[in-house]
Amino acid sequence: MPITPTSKIWMSGELVDWDAATIHIVNPTLHYGWGVFEGIRAYATDAGPAVFRLTDHISRLFRSARIYLMEPAFTAEEIIAAVKETVRVNDVESCYIRPLFYLGYGEMGLNPLPSKTEVAIAVWPWGSYLGDDAVANGARAATSSWQHINANSIPPTGKGTGQYMNSSLAKVSALKAGYDEAILLNPAGNVVQGTGENIFVIRDRVLTTPPIQDGLLAGVTRDSVMTIARDLGYDVVEASLVRTDLYHADEAFFTGTAAEIVPIASVDDRPVGDGRPGPIAREIMEVFRAAVSGKADRYKSWNEYVRD
Ligand SMILES: Cc1ncc(COP(=O)(O)O)c(C=O)c1O
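Quick caveat: nothing in here was measured; it's all calculated off a predicted structure.

Notes on the pairing of strand E8 (residues 139–147)
Looking along a regular strand, one sees the side chains alternate between the two faces of the sheet. Of all nine residues in E8, seven are buried, a share of seventy percent or more. The pairing of E8 with strand E15 (residues 260–267) spans three bridges and is parallel. Its bridge partner being in E15, Ala 139 is matched across the sheet by Ile 264. Two strands pair when backbone bridges link them, and E8 and strand E9 (residues 181–185) are joined in this way by four bridges, in the parallel orientation. In the strand pairing of E9, Ala 142 is matched with Ala 182. Taking the sense of rotation as the criterion, the β-α-β connection linking E8, helix H5 (residues 164–176) and E9 turns out right-handed.

Structure follows, in structure tokens:
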């Protein structure tokens, strides 16, 4: 998706012009993929932009950094304040937010430890990641022949930059075959997630999503959807799924910050349910939309406002 530039990017404590936010080409993160990041959204509300579950995202960023022994010179509180400042100075009502911990210039080689951890935070307006048509009519998904990374290869519980090579391999194969999104399986053959989204199936009004130990990222949207669904009175279980569970579902959907909630219309050319976004997915999407835009009192602790 094309990027719409904004005005300033926060780089290790300084707000620099968008076009000046550059790094040297001889940079170990660029060459070896040793970095961690977050994907967050700020939504327009009646009280100005509110970052959705910012504290939870920054906690995950620091958990990812812990896996890769990256120690930035900033605390979580300072990064939270910097995210809010970056949204404010760019004067956007809603946006995507990309904090990145990367290795600084000065060292090369496969030992990242001598390099300093730098921090950048960019924000830009971003529409629906899988497209408005997928949100309205459902995405066409395909299970991938690329196996998902696992806890003993590249840990999927972190959000490491390099691990997205795995996601992109699956994404490209799916797109080239005419699908909207790939679903990856783990070495045991269980369903893990989409390339940048968690997955839920619904059968007989029970929602099931794979457990963390099957090798997925503990999504903030996944957690929000589990809470919303339970509050709506549905049973939600975390249990392993195989690909035929997707074929037999009444409904299925993806969740993620970039994609938000996207119904799945078909998997491997088998329609999910009647092949249209189902009623439970639509009900949850409606509550989620109210929650992110500050219109659901029950979830107001999820709205972290950037203006005082
Ligand atoms: C691989 C993967 N799974 C799931 C998700 C969804 O996580 P979240 O809802 O926190 O954005 C993401 C997005 O960050 C992701 O990259």
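Now that the structure is up, let's keep going.
With respect to unusual backbone geometry
Negative phi characterises most residues that are not glycine, and trans characterises most peptide bonds. The backbone of Arg 53 sits at a positive phi, close to 50°, despite the residue not being glycine. If you trace the backbone, Arg 53 turns up in the loop between strand E5 (50–52) and helix H2 (54–67). Residue class for Arg 53 comes out buried when judged on the 24 C-beta atoms lying within 10 Å of it. The phi angle at Asp 204 is positive, at roughly 50°, despite the residue not being glycine. With respect to the secondary-structure elements, Asp 204 resides in the loop between strand E11 (198–203) and strand E12 (206–209). Judged by the 6 C-beta atoms lying within 10 Å of it, Asp 204 is exposed.

A closer look at the nonpolar core
Core analysis: the largest hydrophobic core is formed by 82 residues, its most contacted members being Val 51, Ile 97, Ala 252 and Ile 284. Per-element tally for this core: the top contributor is helix H8 (residues 279–292), with eight residues. Structurally, this core is a two-domain feature, drawing no fewer than three residues from each of domain 1 (8–124) and domain 2 (132–292). Those residues in contact with Val 51, other than ones at most four positions away along the chain, are Ile 40, Ala 42, Val 83, Lys 84, Val 87, Ile 97, Glu 304 and Val 306.

So, the site of the ligand
With respect to spatial proximity, 14 residues lie near the ligand, and among them Gly 219, Val 220, Thr 221, Gly 256 and Thr 257 are the closest. Counting only elements with at least two residues in the shell around the ligand, the list comes to helix H6 (220–231) and strand E14 (251–256). The element best represented in the shell around the ligand is H6, accounting for three residues. Among the residues forming the shell around the ligand, the class breakdown is two nonpolar, 10 polar and two charged.

With respect to the domain arrangement of the protein
Taken domain by domain, the protein holds domain 1 (8–124) and domain 2 (132–292). Averaged C-alpha coordinates put domain 1 and domain 2 at centres separated by 26 Å. Taken together, the contact between domain 1 and domain 2 spans 21 residues of the former and 11 residues of the latter. When residues of the side of domain 1 that touches domain 2 are traced back to their parent elements, those giving at least two are strand E3 (36–37), strand E4 (40–43) and H2. Ranked by the residues each element gives to the side of domain 1 that touches domain 2, the list is headed by H2, at six residues. When the residues that make up the side of domain 1 that touches domain 2 are grouped by side-chain class, the tally is nine nonpolar, six polar and six charged.

Some details on the packing of H2 against helix H3 (residues 76–89)
Across the interface, H2 lies against H3 with an axial gap of 10 Å and an inter-helix angle of 130°. Here H2 lies oblique to H3, going by the angle between them. Classified by chirality, the crossing of H3 by H2 is right-handed. Contact residues: H2 offers Leu 54, Thr 55, Ile 58, Ser 59 and Phe 62, while H3 offers Ala 76, Ile 79, Ile 80 and Val 83. Considering only residue class, the contact of H2 with H3 consists of seven nonpolar, two polar and no charged.

Criteria and cut-off values
Residues numbered from 1 in each chain as written. Predicted model: local features only at pLDDT ≥ 70, side-chain atom pairs only at ≥ 80, totals over all residues. Buried ≥ 20, exposed ≤ 12 C-beta atoms within 10 Å, placed from the backbone. Helix = DSSP H or I, 4+ residues; strand = E, 2+ residues; numbered from the N terminus. Pairing = 2+ DSSP bridges. Right-handed = clockwise from strand over helix to strand, strands pointing away. Core = buried A, V, L, I, M, F, W, Y, C linked by C-beta atoms within 7 Å. Domains from an automatic or database assignment. Contact = placed C-beta atoms within 7 Å. Near = placed C-beta within 6 Å. Nonpolar A, V, L, I, M, F, W, Y, C, P; charged D, E, K, R; others polar. Axes fitted to C-alpha atoms, helices over the stretch in contact; angles between N-to-C directions. Parallel < 35°, antiparallel > 145°, perpendicular 65-115°, else oblique. Left-handed = near helix turned anticlockwise from the far one by under 90°.

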